[in-house]
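The residues making up each chain are set out below.
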Amino acid sequence: MDVGELLNYQPDRGAKRPREEDGGAAGEDDSRGGKQLKGIGARELARYREAAGIGIETGGEMKEAEELIGDRRKILDKLMDQDEEEPEAELVDESSVKKMILTFEKRSYKNQELRIKFPDNPEKFMESELDLNDIIQEMHVITTMPDLYHLLVELNAVHSLLGLLSHENTDVAIAVVDLLQELTDIDTLHESEEGAEVLIDALLEGQVVALLVQNMERLDEQVKEEADGIFNTLAIIENMAEFRPGLCTEAAQQGLMQWLLKRIKVKMPFDANKLYCSEILAILLQNNDNTRELLGEMDGIDVLLQQLSVFKRHNPSMAEEQEMMENLFDALCSCLMLPANRDRFLRGEGLQLMNLMLREKKMSRTSALKVLDHGMIGPEGADNCHKFVDILGLRTIFPLFMKTPKKMKKTGTTEKEHEEHVCSIIASMLRNLKSQQRSRLLNKFTENDCEKVDRLMELHFKYLEAVQQADKRIEGEKHEMVRRGEILDDNMEDEFYLRRLDAGLFVLQLICYVMVEISNSGISQLQQRVHQILNLRGGSVKLVRHIMREYAESIGDGKSDEFKEAERKRIMDLVENF
């Protein structure tokens, strides 16, 4: 081979490099198969080019360079042969999947056998490990055919894959995680509900979450591949939870909740995995009292408060970190739906932290307001209401009531949401406060010539107008439906009611509740001011009573019948005396 031929050969070899990356499993010490061989291919190629270059310059070492390139060509030819065979393998049908699963089982068994036989001699089992890794990569093709998922279950492949999650070589476990993540991809699952059901059943039966958590506990996030493995593990859990929300309790109890709290606590720079953990945590706690209780028992409220305390004086540094902050706030709000967690929140000084956040005027302020609303609502929030007044919370909440902050666009909170939370907090305090603390709250309404009553009435007319406009639109739609001969069933009525709430009916109900409460407080000055402004602006006591009756009717979902009845009676008594 002369120098000219040698140089001409270079571009061709460069073009083969992607194939070399895909197919090369020739490194002896490389337990990761394809992924790390990528680097070896590039490095060795450079070394051979160098060798070739030296050969040209020195002349004496040309033979050695030719031999090296000859060896390299053989390897490349072999890889090209493999590539040529690939198109045939792309035809995925039942028999090819069965064949693939059989190959997988054989290689898995062989690797296991060699590892037991030669535990201290990696050279003996390394090749079988690379073969096992290769077949796991090949099995990704099954993800294109969710109709054939039942074969994975019937031929016991799911059981074998789950067994490999605890394989001594974490690279093999990560390869399995990658495969499971693709198999459970939510779009793929919805392509074949039947195949998906069978697969998810088999995974849950094999305690998939417990095994995934055990695997995550041994992974080192300083290694990129292992950090990716954790990310993909969380993706598997998210996919399954979205497909079958009922598994959240089981998943949380199989060690996932504990691992998430531990990972969120870890002192390391913010990254994609921490964001994903916060997301999974919020998903687990949605509409689920079992997981909320579990988090409370694991001192999770304290963990959430510690993580959020960072944002009391500092804004998140990037959009992803802001998303994580919102996820943690959502998780905290979910937890506070459980009465037992309200007490933990109180003891963990959650009220003090939220109060500080309101004063600091950072991005966390709007979410802190939402948390206070969740913590103080209903009779279970009585202790929090009293404590809030004791820590001088009235000084913080009323400026937010008097003037809605302008800088809320960044946090994605609307004016309506802000006013709803503030009015809800004041309504909760009027409902729950007793004796001295109640007097302090009512005195706030008399300050500065009853300016807070004026603001309350301003909000009343603002939301009354919004609701009346929505009612007009809904009446028009109903009339049109009747004209077309359509039936107005309960579902339609519920939908219309939700639209009215969305337009501002709920805020209007809260405002009217505050109006009737302060009018019944025994402070004549407040009652006179409310009625004076109503008359002045053409308002109607009758309309306020109607709104409150509607509010009383819809009260207390999920509460006991005795509570609902007592609360309705209390509200109706207030209305009668208004």
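So, how was this worked out
Residues numbered from 1 in each chain as written. Predicted model: local features only at pLDDT ≥ 70, side-chain atom pairs only at ≥ 80, totals over all residues. Heavy atoms only, no water. Helix = DSSP H or I, 4+ residues; strand = E, 2+ residues; numbered from the N terminus. Buried < 20%, exposed > 50% of the residue type's maximum accessible area, 1.4 Å probe, protein only. Contact = heavy atoms within 4.5 Å. Areas by Shrake-Rupley, 256 points an atom, 1.4 Å probe, with all protein chains shown as cover. Salt bridge = Lys/Arg side-chain N within 4 Å of Asp/Glu carboxyl O. Phe/Tyr/Trp six-rings, centres within 6.5 Å; stacked < 30°, edge-to-face > 60°. Core = buried A, V, L, I, M, F, W, Y, C linked by side-chain atoms within 4.5 Å. pLDDT = per-residue confidence, 0-100. Axes fitted to C-alpha atoms, helices over the stretch in contact; angles between N-to-C directions. Parallel < 35°, antiparallel > 145°, perpendicular 65-115°, else oblique. Left-handed = near helix turned anticlockwise from the far one by under 90°. Nonpolar A, V, L, I, M, F, W, Y, C, P; charged D, E, K, R; others polar.

Caption draft 1: Structural view of the overall build of the protein. Scanning the protein from N- to C-terminus turns up 29 helices and 0 strands. Across the 578 residues that make up the protein, the buried fraction comes to 49%. A separation of at least 24 residues holds for 76% of the contacts in the protein among residues at least 6 apart in sequence. Carbon and sulfur atoms make up 48% of the accessible area of the protein, which amounts to about 29000 Å² in all.

Caption draft 2: Fine view of the pattern of salt bridges. Tallied over the full model, the rule gives 34 salt bridges. When the shortest N-O distance is used, the salt bridge between Arg-438 and Glu-517 registers 3.1 Å. With Arg-438 in helix α25 (residues 435-483) and Glu-517 in helix α26 (residues 490-519), this residue pair connects regions lying 79 residues apart in the sequence. The salt bridge involving Arg-570 is made with Glu-567; its shortest N-O contact spans 3.1 Å. Here Arg-570 pairs with Glu-567, and both are found in helix α29 (residues 561-576), just 3 residues apart, close to one helical turn. Accessibility expressed as a relative area gives 6% for Glu-567, which makes it buried.

Caption draft 3: Expanded view of the packing of aromatic side chains. One pass over the structure, following the stated rule, counts 4 aromatic pairs. Plain terms: the ring middles of Phe-231 and Tyr-276 are 4.7 Å apart, the flat faces sit at 50° to each other, and that makes the pair tilted. Here Phe-231, found in helix α13 (residues 224-243), pairs with Tyr-276, found in helix α15 (residues 272-285); they are 45 residues apart in sequence, far enough to count as distant. Classification of Phe-231 as partly exposed rests on a relative accessible area of 34%.

Caption draft 4: Quick peek at the environment of Lys-542. The topology assignment puts Lys-542 in helix α28 (residues 541-553). Each C-alpha atom of the pair Lys-542 and Phe-578 lies 9.7 Å from the other, and the pair is 36 residues apart in sequence.

Caption draft 5: Highlighting the nonpolar core. Grouped together as the largest cluster of nonpolar side chains are 151 residues, with contacts concentrated most on Leu-256, Leu-281, Leu-332, Met-354, Met-429 and Ile-518. In terms of residue count, α25 provides more of this core than any other element does, 12 residues in total. Setting aside its immediate chain neighbours within four residues, Met-429 contacts Met-376, Cys-385, Phe-388, Val-389, Leu-394, Ile-397 and Leu-441.

Caption draft 6: Fine view of unusual backbone geometry. For Asn-287, which is not a glycine, the phi torsion comes out positive at approximately 45°. The residue Asn-287 is located in the loop between α15 and α16 (289-297) in this model. Residue class for Asn-287 comes out exposed when judged on its relative accessible area of 75%. The backbone of Asp-299 sits at a positive phi, close to 60°, despite the residue not being glycine. Note that Asp-299 resides in the loop between α16 and α17 (300-309).

Caption draft 7: View of the side chain of Ser-428. Secondary-structure assignment places Ser-428 in helix α24 (residues 415-432). Once you skip the residues sitting within four places of it in the chain, Ser-428 turns out to touch Met-376, Ile-377, Gly-378 and Cys-385.

Caption draft 8: Representation of the confidence of the model for the protein in the model. With 83% of its residues at a pLDDT of at least 70, the protein reaches an overall mean of 86. Under a pLDDT of 50 for its full length, residues 3-61 has, in the predicted model, 78 contacts with residues more than four places off or in other chains.

Caption draft 9: Layout of the packing of helix α19 (residues 339-347) against helix α22 (residues 382-390). As a packed pair, α19 and α22 sit with axes 9 Å apart at the nearest point and diverge in direction by 20°. Judged by the inter-axis angle, α19 sits roughly parallel to α22. When you trace α19 past α22, the crossing you get is left-handed. In contact with Arg-342, Phe-345 and Leu-346 of α19, α22 contributes Asp-383, Asn-384 and Lys-387. Classifying every residue of the contact of α19 with α22 by side-chain character gives 2 nonpolar, 1 polar and 3 charged.

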